[in-house]
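Spelled out from the first residue to the last, the chains are:
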Amino acid sequence: MSIDSETFSLLRETVARFVLERLIPREREVAGLDQPPQDLLNEVRDLGLFGLTYPEEYGGLGLDALQEVQIGFELGRASPAMRNFISIHNGVAGQCLRNAGTSEQKERYMHRLASGEIIAAFALTEPDVGSDARAVKTVAQRSDRGWKINGRKRFISNATFAGLFTVFARTTDEDGKSSLSAFLVEPGTPGMEIGKSERKMGQHGAPICDLIFEDCHVEADALLGGKTSVGLEAAMRGLDRGRLFIAACCVGLAYRLIEDATDYANQRQQFGVPISQHQLVQALLADSLTEAFAARGMIENAARKALQGDKISCEASMCKLFATEMVGRVADRAVQVHGGNGYIADYMVEQLYRDVRVLRIYEGTSQIQQIIIAKDLTRRRARGERLS
């Protein structure tokens, strides 16, 4: 699905203006609060940004993959905390329901999610489980009332204000086979507790919490897809699109960092001239722009493949790997261009330098992306496929 080009152009312009006029000016305020204020959530809701990827039949905008990453280029210009709740809601959290939910589950939740009436959260990570989703220890057992969930989830974004959690737990079928399943759990469900927000290096304003489940009872119809064992596939499919969007947001932030560093270099003088005239400073800026341009091309290429209906797991991993590493290097160079001022909190580059670090960790670390890419590569060559 997609919207027509004229409507999309207006949407993109609106998003760009919203980022410039509303999100960026409030970055420090939101960081101080360590959560998005309600009036900002209301503005995002009024613009329809909670429905970016939700189908039009449920009241969403139904953006296709290429349109979604182009919106990511715009939203990414704000500090990651300012768009994190939007991307998770539209990405991994919402995609699971869209890809694997029953018609009844979609009818119950999709309209409310698309409108932003409720915000989605994705609960997979655990204290001892990160990259290896198959090792989930949270358990869901059948009960007279449906299912009983016990376990603990960690680092869950949107947890303090989410209206729907996709919770992954291990289940056992009647034949004794264990598999990963997913459950749709609403806040306030007896037996579920939301922990305190963690103190983090960066991305202040995007709170993360533990979820604690102690004999948490959910109805039988809370099982995603109405059957066990769909959890892992649903998670992986959701991550493909989510990783592509994260990569796009990295490009947007990289361009902002490059623009800010260049503006600073044009006005900061040393040895009687702006430092932008010194070749070693020029090299820092040139390398950054080149890498951002390369990442943008990769992401748009992968999105076009998704439009054609091709599987893009490897491409999404390559984009996520390159773009998140790239924006880390760009942020580092931007601090270097600012010199001592880049280490001072009065300059936004100091906050952004801290903010980008976690991008190489969540939704699959850089090392996990390398493993995914290498496995796909070796499989393709074993079949004698050309790589291009």
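Reading guide: rules and limits
Residues numbered from 1 in each chain as written. Predicted model: local features only at pLDDT ≥ 70, side-chain atom pairs only at ≥ 80, totals over all residues. Heavy atoms only, no water. Core = buried A, V, L, I, M, F, W, Y, C linked by side-chain atoms within 4.5 Å. Buried < 20%, exposed > 50% of the residue type's maximum accessible area, 1.4 Å probe, protein only. Helix = DSSP H or I, 4+ residues; strand = E, 2+ residues; numbered from the N terminus. Contact = heavy atoms within 4.5 Å. Expected span 1.5 Å × (residues − 1). Arc of directions from axis to C-beta. Salt bridge = Lys/Arg side-chain N within 4 Å of Asp/Glu carboxyl O. Axes fitted to C-alpha atoms, helices over the stretch in contact; angles between N-to-C directions. Parallel < 35°, antiparallel > 145°, perpendicular 65-115°, else oblique. Left-handed = near helix turned anticlockwise from the far one by under 90°. Nonpolar A, V, L, I, M, F, W, Y, C, P; charged D, E, K, R; others polar.

Visitor: If you had to explain the nonpolar core to someone new, which residues and values would you point to?
Guide: Counting 41 residues, the largest nonpolar core has Leu 244, Leu 257, Ile 299, Met 326, Val 327 and Val 337 as the members making the most contacts within it. The element that contributes the greatest number of residues to this core is helix 8 (residues 231-267), accounting for 14 residues. Residue contacts for Leu 257: discarding those within four places in its chain leaves Val 327, Val 330, Ala 331, Ala 334, Val 349 and Leu 352. The next biggest cluster of nonpolar side chains, apart from the first, holds 28 residues, and it includes Phe 122, Val 129, Leu 184 and Leu 232.

Visitor: Before we move on, could you go through helix 12 (residues 366-382) and cite the residues and values that matter?
Guide: Along an α-helix, residues three or four apart share an orientation, since each turn contains 3.6 residues. Here helix 12 spans 24 Å end to end across 17 residues, near enough to the 24 Å set by a 1.5 Å rise per residue. Buried residues of helix 12: Ser 366, Gln 369, Ile 373, Asp 376 and Arg 380, and no others. Burial along helix 12 is one-sided: seen end-on, the buried residues are contained in an arc of 95 degrees. Opposite its buried face, helix 12 presents the exposed residues Gln 367, Thr 378 and Ala 382, each directed more than 90 degrees away. Buried residues along helix 12 sit against helix 8 and helix 10 (313-338). Following helix 12 by one or two positions, Gly 384 has its phi on the positive side, about 80 degrees.

Visitor: Please give an account of the pattern of salt bridges that cites residues and values.
Guide: One side chain can pair with another of opposite charge once the charged atoms of both are near each other. If you walk through the whole model with that rule in mind, you get 24 salt bridges. When the shortest N-O distance is used, the salt bridge between Arg 241 and Glu 68 registers 2.4 Å. Linking Arg 241 in helix 8 with Glu 68 in helix 4 (residues 65-75), this pair joins segments that are 173 residues apart in sequence. In this pair, the class of Arg 241 matches that of Glu 68, namely buried. Put simply, Glu 259 and Arg 77 hold a salt bridge, and the shortest N to O gap is 2.9 Å. In this pair, Glu 259 is assigned in helix 8 and Arg 77 in the loop between helix 4 and helix 5 (80-90), connecting sequence segments 182 residues apart. Owing to a relative accessible area of 37%, Glu 259 belongs among the partly exposed residues under this scheme. With a relative accessible area of 23%, Arg 77 lands in the partly exposed category. Via salt bridges that share partners, Asp 376, Arg 380, Arg 383 and Glu 385 belong to a single interconnected network.

Visitor: Go over the packing of helix 1 (residues 5-23) against helix 4, please, and point to the residues and values.
Guide: Interaxial distance between helix 1 and helix 4 falls to 9 Å at its minimum, and their mutual angle equals 20 degrees. In terms of orientation, helix 1 and helix 4 fall into the roughly parallel class. Relative to helix 4, the crossing made by helix 1 is right-handed. Taken together, the residues of helix 4 that come into contact with helix 1 (itself represented by Phe 8, Leu 11, Arg 12, Val 15, Ala 16, Val 19 and Leu 23) are Gln 67, Gln 70, Ile 71, Phe 73, Glu 74 and Leu 75. Looking at the contact of helix 1 with helix 4 residue by residue, the class counts come to nine nonpolar, two polar and two charged.

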